[in-house]
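Spelled out, the chains give:
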Amino acid sequence: MKTIQKTTIILFILSTLFSCKSDDPTEPTTNPSITTISPTNGPKTTIVTINGQDFGTDINGVSVFFNDKEATVQAVTNTQITAIVPARAYTGKVKVIIGSQEIEGPIFTYTIIDIQVSTFAGSTEGDTDGSGSSAQFSSFLQQIAMDSNGNIFVADGDNHKIKKITPSGVVSTFAGSTEGDVDGVGTAAQFNTPYGLAIDSNNNVFICDIGNQKIKKITPNGVVTTFAGNGSSGYTEGQGTAAQFDDPSRLAIDSQNNLYVTDYHNNSIRKITPNGLVSTFAGSSTSGNQDGQGVNAAFYGPSGIAIDLEDNLYIGDEQNYSIRKITPNGTVTTLAGNGNSGFADGQGANAQFTYPAGLTTDKQGNIYVADLINDKIRKITPSGLVSTFVGSTSGFVNGAGAIAKFNYPISVIIDDNYDVYVADNNNHKIRKITQE
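Residues numbered from 1 in each chain as written. Predicted model: local features only at pLDDT ≥ 70, side-chain atom pairs only at ≥ 80, totals over all residues. Heavy atoms only, no water.

1. Some remarks on the overall build of the chain
So the rule is basically this: Only runs of H or I of at least four residues qualify as helices and only runs of E of at least two qualify as strands under DSSP, and these elements are numbered from the N terminus. Throughout, exposure labels follow a simple rule: accessible area from a 1.4 Å probe, protein chains only, divided by the maximum for the residue type, with under 20% read as buried, over 50% as exposed, and the rest as partly exposed. What makes two residues a contact is simply this: any of their non-hydrogen atoms within 4.5 Å.
A count of helices and strands for the chain gives 1 helix and 39 strands. Among the 436 residues that make up the chain, the fraction classed as buried is 54%. Of all intrachain contacts in the chain linking residues separated by at least 6 positions in sequence, the fraction that spans at least 24 positions is 45%.

What follows is the structure, given as structure tokens:
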């Protein structure tokens with residue numbers, strides 16, 4: 001009898017303990033969830049209420065992220081969390097971590113309220129390595145690209161060199177010396193007006209060596225070789241040096257390390273596989289302005305090129321004054337611009353550009369365009385809405401986006417922190433644009 005009573009007492013105590021624990025609001029349950037957030041958009045420092053259930057009440061056990069950027073948590077109840085949107089969070093999902101559990105919520109749309117332009121590297125025209133403003137570039141800056149370590153590479157055309165800029169702004173000569181056509185290591189190599197530049201997933205740098213009508217490859221340790229093209233202008237497909245180009249202008253690389261070349265005077269987009277096989281991806285040798293499939297489409301002086309996370313290509317069709325889109329299967333459409341030069345923001349065909357020379361894309365699929373003659377950086381949403389991102393009249397002014405000035409911006413890239421870099425040709429500088 002005593003054994004039965006003792007067992008009953010133990011069971012009662014255990015039942016009471018577990019019952020108390022499950023009712024304790026400071027202990028998260030196994031099923032926390034987010035239902036809504038309010039507001040759903042705003043700039044940095046916006047206070048957002050995250051509604052849901054089973055959050056617990058331990059503020060030290062809750063972390064909140066906006067687009068993977070950690071926020072400051074103000075308060076926690078079992079059904080609500082309030083958090084402050086951090087600077088430079090940008091648009092993305094809200095995420096809550098409670099203990100070992102991670103819960104995703106709706107998308108918060110980040111509003112940018114502060115855009116600033118500064119000089120990252122360069123000063124007057126010349127050819128000098130150095131840090132920041134002590135460095136010099138030529139008056140023929142061309143495409144820029146960034147490797148996986150955050151280094152920027154610059155095709156310094158009139159100096160016939162490829163320059164490298166570290167994340168801290170230190171400029172050095174990566175490859176090239178005087179004008180010529182010599183494969184080799186580093187400064188033992190020679191280029192003739194290097195123009196386009198792109199970097200693959202292995203940090204190999206590819207160059208449109210336009211004066212030599214070739215595509216050159218530079219390994220991470222500086223070894224330069226000829227990847228495609230035989231040195232004579234023409235329009236021939238084939239393997240490596242059997243192929244011909246006519247002023248290969250700019251480069252982009254897809255997720256499979258295929259290389260795409262805007263072949264300016266052939267009015268076409270060429271594709272080069274990782275093993276060097278050259279073919280025509282879109283367009284033909286005939287100039288025009290025609291949407292369509294592959295070689296049935298027509299371009300007129302394609303130059304700037306960028307690729308998004310889904311391997312869609314975007315082309316600055318310079319002499320059609322428009323931005324064209326090419327899907328991975330080769331379907332060409334016009335995203336923005338109406339074929340007439342000018343300057344106008346607006347939707348799709350209502351917008352106007354004057355020589356859209358350089359392009360890049362961000363993680364949300366927005367396209368940034370170096371609008372050469374308009375001396376501005378334009379922004380295009382995935383739906384084709386064009387606005388002016390930064391720039392005013394021709395000149396050189398650092399500062400807030402609307403008052404900043406550029407002089408022939410020719411190339412543009414964006415990093416994972418949404419910092420934008422611009423090759424500002426006639427100012428002989430690389431400019432940096434921060435946005436919060």
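2. With respect to the sheet that holds strand 39 (residues 429-435)
Hydrogen bonding along the main chain pairs the strands of a sheet, whether they run parallel or antiparallel. Defined as follows: Two strands make a pair as long as DSSP finds a minimum of two bridges between them.
Across the sheet, 5 strands lie side by side as 36-10-39-38-37; this open sheet has antiparallel pairing. Bordering the open sheet on either side are strand 36 (399-400) and strand 37 (409-414), each of which pairs with just one other strand. One ladder, built from 5 bridges, connects strand 38 (residues 420-424) with strand 39; its direction is antiparallel. Bridge pairing in strand 39 places Val422 opposite Arg431.

3. Brief notes about the confidence of the model for the chain
Here is the rule we go by: A score between 0 and 100, pLDDT records how confident the predictor is in each residue.
Counting all residues, the mean pLDDT for the chain is 94, and 93% of those residues have values of 70 or more. Throughout residues 6-28 the model reports pLDDT below 50, and contacts reaching past four residues in sequence, or to other chains, amount to 9 contacts.

4. Considering the sheet that holds strand 35 (residues 385-390)
The 5 strands lie next to each other as 31-35-34-33-32, forming an open sheet whose pairing is antiparallel. The strands lining the two open edges of the sheet, one partner per strand, are strand 31 (346-347) and strand 32 (356-361).

5. Describing the packing of aromatic side chains
Our working definition: Stacked, edge-to-face and tilted are the three classes for Phe, Tyr and Trp ring pairs, Trp counted by its six-membered ring, which pair at centre distances within 6.5 Å; planes under 30 degrees apart are stacked, over 60 edge-to-face, the rest tilted. Consider the ring centre and the ring normal. A charge sits over the ring if Lys NZ or Arg CZ is within 6 Å of that centre and within 35 degrees of that normal.
Going through the model one piece at a time under the given rule, you end up with 10 aromatic pairs. Ring geometry for Phe120 and Tyr421: centres 5.2 Å apart, planes at 65 degrees, overall edge-to-face. With a gap of 301 residues between them, Phe120 in strand 10 (residues 115-121) and Tyr421 in strand 38 connect regions that are remote in the sequence. When its relative accessible area of 5% is taken as the criterion, Tyr421 is described as buried. The rings of Tyr90, Tyr110 and Tyr418 are connected pair by pair, giving a single aromatic cluster. Its end group placed over the ring of Phe396, Lys429 keeps NZ or CZ at 4.6 Å from the ring centre. The aromatic ring of Phe406 is capped on one face by Arg431, whose charged end is 4.8 Å from the ring centroid.

6. Details of unusual backbone geometry
Across the junction of Ser38 and Pro39, the peptide omega takes the value -5 degrees, indicating a cis bond. For Pro39, the position within the fold is in the loop between strand 1 (33-38) and strand 2 (41-42). You will see that Tyr355, though not glycine, has its phi angle at about 60 degrees, which is positive. Here Tyr355 lies in the loop between strand 31 and strand 32. The class for Tyr355 is partly exposed, based on a relative accessible area of 27%. You will see that His428, though not glycine, has its phi angle at about 60 degrees, which is positive.

7. What about the nonpolar core?
Basically, it comes down to this: Residue types Ala, Val, Leu, Ile, Met, Phe, Trp, Tyr and Cys, when buried and joined through side-chain atoms within 4.5 Å, form a set referred to as a nonpolar core.
Membership of the largest hydrophobic core comes to 37 residues, with the highest contact counts inside it found for Ile50, Val64, Phe66, Ile81, Val96 and Ile433. What Phe66 contacts, discounting residues up to four positions off in sequence, is Val48, Ala71, Ala83, Ile84, Val85, Pro86, Ala89, Lys93, Val94 and Phe108.

8. Section: the side chain of Ser123
Here Ser123 shows up in the loop between strand 10 and strand 11 (130-131). When neighbours within four sequence positions are excluded, Ser123 is seen to be in contact with Ser133, Ala135, Gln136, Asn427, His428 and Lys429.

9. Let's talk about the environment of Gly391
Inspection of the secondary structure puts Gly391 in the loop between strand 35 and strand 36. Taking relative accessible area as the criterion, Gly391 reaches 10% and is therefore assigned buried.

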